[in-house]
Amino acid sequence: SMAEAPGEGPRLPELLELGRRLLEEVESGTEPSSGAPSVQAKVRQGLGALQRAAAMVAELELFSENEELEEIASADLKYLLVPALLGALTLRQVEPSRRREHLESARRHFCRFLELCRSYGLSGARPPPAAAREDGGAGSTAQRDLLAMASSRQAKIERYKQKKELENKLASLRTFVESGQADEEQVRELYLLQAQKWINISFEEIESIDQEMVILKSRDTMKQPSAPPHGPSRQGRTPMKPFILTRDAAQAKVFGAGYPGLPTMTVNDWYDQRRREEAARGQSAPQRPPDTNDEELQKEQQEKIKEEDDEEALQKARDWDDWKDTHPRGYGNRQNMG
């Protein structure tokens with residue numbers, strides 16, 4: 001077959017075999033942690049081999065969207081798995097800071113594999129659409145429904161049964177093919193069964209990738225407020241002592257009495273202090289707000305308080321009327337009588 005054509009360095013069959021063997025070793029790992037350096041070395045080596053294999057598959061044009069499954073040489077069928085194996089190994093990487101990038105990359109590999117299988121009629125279902133970006137968009141509810149359908153209980157039970165049957169068939173066929181006694185038809189069947197197995201795995205992995213992405217996004221959202229603001233570095237500033245910011249001198253008197261431990265200053269004092277600090281460092285100072293008329297301000301605040309009190313009194317009166325409508329006079333006094 002075309003794929004067996006000799007080339008520089010390791011040939012395509014060797015690269016695929018190496019990638020697959022390393023993935024199996026990582027998955028059945030005896031190492032206690034997937035982050036162990038020896039495990040991650042295998043992940044990197046496997047990814048390297050499979051990436052080269054993918055480049056060769058593309059160069060040799062082994063698969064094309066518009067050909068039939070029958071047109072693929074039996075020996076070449078096994079290369080259908082390259083993107084699926086790449087997806088699986090991509091997920092095995094452990095750098096937390098790049099987790100989102102790895103999830104997106106793995107998802108693309110699985111989707112490429114599923115689209116390829118679909119174009120050959122091996123799988124009827126399309127890969128679920130990528131979850132809507134932060135901006136939402138009209139399609140997002142439809143996408144959520146699709147995901148919900150894919151993960152419905154019935155589908156999962158069905159998939160589990162198929163998986164078990166597949167595993168059994170694969171195990172017996174593999175030993176037969178490896179013993180060298182199988183004819184081309186059986187070799188072909190083995191590779192198609194492997195593709196079927198990876199179609200199931202790909203759907204499962206895409207589903208769990210999408211769930212993990214949701215968790216990562218909500219974690220990012222929670223973290224955001226504590227992230228340092230962009231702009232000039234904060235380190236140059238002298239740390240400020242805590243104080244209570246008051247509107248004017250009258251308020252300062254009131255608050256100052258209540259919090260003897262904290263100095264008080266009016267807004268304008270604060271601007272003056274900042275201006276002096278900035279001037280000392282040769283930076284432009286914040287603009288001082290125009291002085292507001294103290295009396296007017298106090299009047300406004302008193303009226304506001306009065307309005308709020310009136311509202312509250314009115315609401316209490318209404319509640320009392322409602323209560324009297326539903327409870328007869330003397331109701332409250334009879335509670336403890338025999």
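What you see is a predicted model; the values in this text were computed from it and never measured. (Residues numbered from 1 in each chain as written. Predicted model: local features only at pLDDT ≥ 70, side-chain atom pairs only at ≥ 80, totals over all residues. Heavy atoms only, no water.)

K.L.:
Sorry if this is basic, but what is going on with the overall build of the chain here?
P.N.:
Regarding its fold elements, the chain presents 10 helices and 2 strands. Its helices and strands in sequence order give the chain the pattern α-α-α-α-α-α-α-β-α-β-α-α, from N to C terminus. Relative to its full complement of 338 residues, the chain shows a buried share of 29%. A fraction of 62% describes how many contacts in the chain between residues 6 or more apart in sequence connect residues 24 or more apart. Carbon and sulfur atoms make up 52% of the accessible area of the chain, which totals about 23000 Å². (Helix = DSSP H or I, 4+ residues; strand = E, 2+ residues; numbered from the N terminus. Buried < 20%, exposed > 50% of the residue type's maximum accessible area, 1.4 Å probe, protein only. Contact = heavy atoms within 4.5 Å. Areas by Shrake-Rupley, 256 points an atom, 1.4 Å probe, with all protein chains shown as cover.)

K.L.:
Would you mind going over the confidence of the model for the chain with me for this structure?
P.N.:
Low-confidence regions, as indicated by low pLDDT, have predicted coordinates that should not be scrutinised in detail. Averaged over all residues, the pLDDT of the chain is 80; the fraction at 70 or higher stands at 73%. Ranking the helices and strands of the chain by mean pLDDT puts helix H3 (residues 82-91) first, with 98, and strand E1 (residues 244-246) last, with 57. In the predicted structure, residues 132-138 sits below a pLDDT of 50 and forms 7 contacts with residues beyond four places in sequence or in another chain. (pLDDT = per-residue confidence, 0-100.)

K.L.:
Please explain helix H2 (residues 37-60) as it appears in this structure.
P.N.:
Working note: α-helix, 3.6 residues per turn, so residues spaced by three or four point in the same direction. With 24 residues, H2 should reach 34 Å at 1.5 Å per residue; the first-to-last C-alpha distance of 35 Å fits that figure. Inspection of H2 places Val39, Gln40, Val43, Gly46, Leu47, Ala49, Leu50, Ala53 and Val57 among the buried residues, and these make up the whole buried set. On the buried face of H2, the contacting elements are helix H1 (12-27) and H3. Immediately beyond the C-terminal end of H2, within one or two residues, lies Glu61, with a positive phi of roughly 50°. (Expected span 1.5 Å × (residues − 1).)

K.L.:
What should I look at first to understand the packing of aromatic side chains in this one?
P.N.:
The description of an aromatic ring pair rests on the distance of the ring centres and on the angle between the ring planes. A full pass over the atoms with the stated rule returns 1 aromatic pair. Relative to Tyr120, the ring of Phe63 has its centre 6.3 Å away and its plane inclined at 75°; by these criteria the two rings are edge-to-face. One end of the pair, Phe63, is in the loop between H2 and H3; the other, Tyr120, is in the loop between helix H4 (99-119) and helix H5 (140-150), and 57 residues separate them in sequence. For the pair Phe63 and Tyr120, a shared accessibility class is recorded, and that class is buried. (Phe/Tyr/Trp six-rings, centres within 6.5 Å; stacked < 30°, edge-to-face > 60°.)

K.L.:
I would appreciate a short explanation of the packing of H3 against helix H7 (residues 184-223) in the present structure.
P.N.:
To describe two helices that pack against each other, one gives the angle between their axes and the distance between the axes. Closest axis-to-axis distance for the H3/H7 pair is 10 Å, and the angle between their directions is 35°. In the packing of H3 onto H7, the handedness of the crossing is left-handed. Seen from H3, the contacting residues are Ala84, Leu85, Ala88 and Leu91; seen from H7, they are Trp198, Ser202, Glu205 and Ile209. Across the contact of H3 with H7, the residue classes break down as 6 nonpolar, 1 polar and 1 charged. (Axes fitted to C-alpha atoms, helices over the stretch in contact; angles between N-to-C directions. Left-handed = near helix turned anticlockwise from the far one by under 90°. Nonpolar A, V, L, I, M, F, W, Y, C, P; charged D, E, K, R; others polar.)

K.L.:
Would you explain helix H9 (residues 267-280) in this entry?
P.N.:
Compared with an ideal rise of 1.5 Å per residue, which puts 14 residues at 20 Å, H9 spans 20 Å between its outermost C-alpha atoms and is within 8% of the ideal. At the C-terminal side of H9, Gly282 shows a positive phi close to 70°.

K.L.:
Just checking my understanding: could you explain unusual backbone geometry for this structure?
P.N.:
In terms of backbone geometry, most residues other than glycine have negative phi values and most peptide bonds are trans. A positive phi angle, close to 50°, is found at Glu61, a residue other than glycine. Inspection of the secondary structure puts Glu61 in the loop between H2 and H3.

K.L.:
Could you clarify how one ought to interpret the pattern of salt bridges in this entry?
P.N.:
Side chains that differ in sign of charge can pair as their charged atoms come close. Taken as a whole and assessed by the stated rule, the structure comprises 16 salt bridges. Linking Glu278 and Arg274 is a salt bridge whose minimum nitrogen-to-oxygen distance equals 3.0 Å. Of this pair, Glu278 and Arg274 both sit in helix H9, 4 residues apart, roughly one helical turn. For the residue pair Glu278 and Arg274, the accessibility class agrees, reading buried in each case. Ionic contacts of the salt-bridge type, sharing partners, join the residues Arg274, Glu277, Glu278 and Arg281 into one network. (Salt bridge = Lys/Arg side-chain N within 4 Å of Asp/Glu carboxyl O.)

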